[in-house]
Amino acid sequence: MSYIDVTGKTEDEAISSALRQLGLERDDVSVEILERAKPGFLGLGAQPAKVRVTYGPREEEPAAPAEKAPVVSAPVEKKPEPAKAPEKKPARPAEKKQERRPEKKQERKEPAEKAPEAPAEPRPAPAALGEEVNDEKAQAIRAFLSGLLEQMETPADIRVYLPEKGRYKVILEGKNLGALIGRRGETLDAIQQLTSYSVNRTGSGRVRIQLDAENYRERREQSLEHLAKKVAAKVVKYRRSVTLEPMNAYERHVIHTALQEVPNVTTYSTGMEPNRRVIVAYDREKK
């Protein structure tokens, strides 16, 4: 029998993801819950559910004729013929399944193999940011994050840069940092806010802290810019306003900046946090 281990936000989500990967129904597999999902506190320390999905019970069928083969080989005339028939029949579906299932695994693993390339992208960035700094604020940042990451049981290397006066760029490097990012960066934003509060409550002067992991900020910014241009094209074509999903202040700023020079399109925000949204509207007077 074969199995795959899959993670998800909940046990049901992990099982559904495994069934999609295998192309099987729920009745065709058996499920073992390895780790139950943990919500954490305020999005911190949350852990996904992990299940093991076992499939392919028919692969054991060819083994039965194989065990009987030495016993059947003793007679010469009568039993060799029925012995060959069961060997051929199960062999064909078994071969087909063995051929198809690895293909499905390869198709599903291709995006998973490309996913680790995302954290490799930020490596050139530190060179552009200059050398790491170790002043009073940088030491406070490292001390706070080291303790927090230890409590979250998510080890990571902490790189602190000072691209401009009063703004610190903090990059977390390591493996499996998805738990630090969270859904749409919510956990990463929470850690950034906690770090900023801890560092700025002591010492002299207030500084800005921007936290990033696996190059999420840049990838998210590119995604938002693409979304902004796509929505702006629809607004101009149909001359109707479009309301985007709730975003934090930084993401709303990316949308406003991306569309500020687009003709016949204007943007503004509405609503209260955390459900404040950007509205992309048609403006015939803007050129």
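This write-up is about the structure you can find in this document. Keep in mind that this is a model prediction, so the values were computed, not measured.

The rules behind each value
- Residues numbered from 1 in each chain as written.
- Predicted model: local features only at pLDDT ≥ 70, side-chain atom pairs only at ≥ 80, totals over all residues.
- Heavy atoms only, no water.
- Core = buried A, V, L, I, M, F, W, Y, C linked by side-chain atoms within 4.5 Å.
- Buried < 20%, exposed > 50% of the residue type's maximum accessible area, 1.4 Å probe, protein only.
- Helix = DSSP H or I, 4+ residues; strand = E, 2+ residues; numbered from the N terminus.
- Contact = heavy atoms within 4.5 Å.
- Salt bridge = Lys/Arg side-chain N within 4 Å of Asp/Glu carboxyl O.

Residues I141, L145, V160, V170 and L172 are the most contacted members of the largest nonpolar core, which totals 24 residues. Breaking this core down by element, the ones donating at least two residues are α6 (136-152), β4 (157-164), β5 (167-173), α7 (178-181), α8 (186-200) and β6 (208-213). Residue contributions to this core peak at six residues, all from α6. Aside from chain neighbours lying at most four places away, what touches V170 is I141, L145, I158, R159, V160, I209, Q210, L211 and D212. In terms of nonpolar packing, the next biggest core, distinct from the first, is built from 13 residues, V235, L259, V278 and V280 among them.

All told, the structure shown has 12 salt bridges when counted by the stated rule. The salt bridge involving E132 is made with R159; its shortest N-O contact spans 3.3 Å. Highlighted residues: E132 in the loop between α5 (124-129) and α6 and R159 in strand β4, separated in sequence by 27 residues. Residue class for R159 comes out partly exposed when judged on its relative accessible area of 28%. For the salt bridge of R159 with E173, the shortest nitrogen-to-oxygen distance reads 3.5 Å. Of the two residues, R159 sits in strand β4 while E173 sits in strand β5, which places them 14 residues apart along the sequence. Each member of the salt-bridge network shares a partner with another, and the members are E132, R142, R159 and E173.

This paragraph deals with unusual backbone geometry. With an omega dihedral of 5 degrees, the bond running from E273 to P274 counts as a cis peptide bond. Inspection of the secondary structure puts P274 in the loop between β8 (265-270) and β9 (277-282). The backbone phi angle of N264 is positive, close to 65 degrees, even though this residue is not glycine. Residue placement: N264 occurs in the loop between α10 (249-259) and β8.

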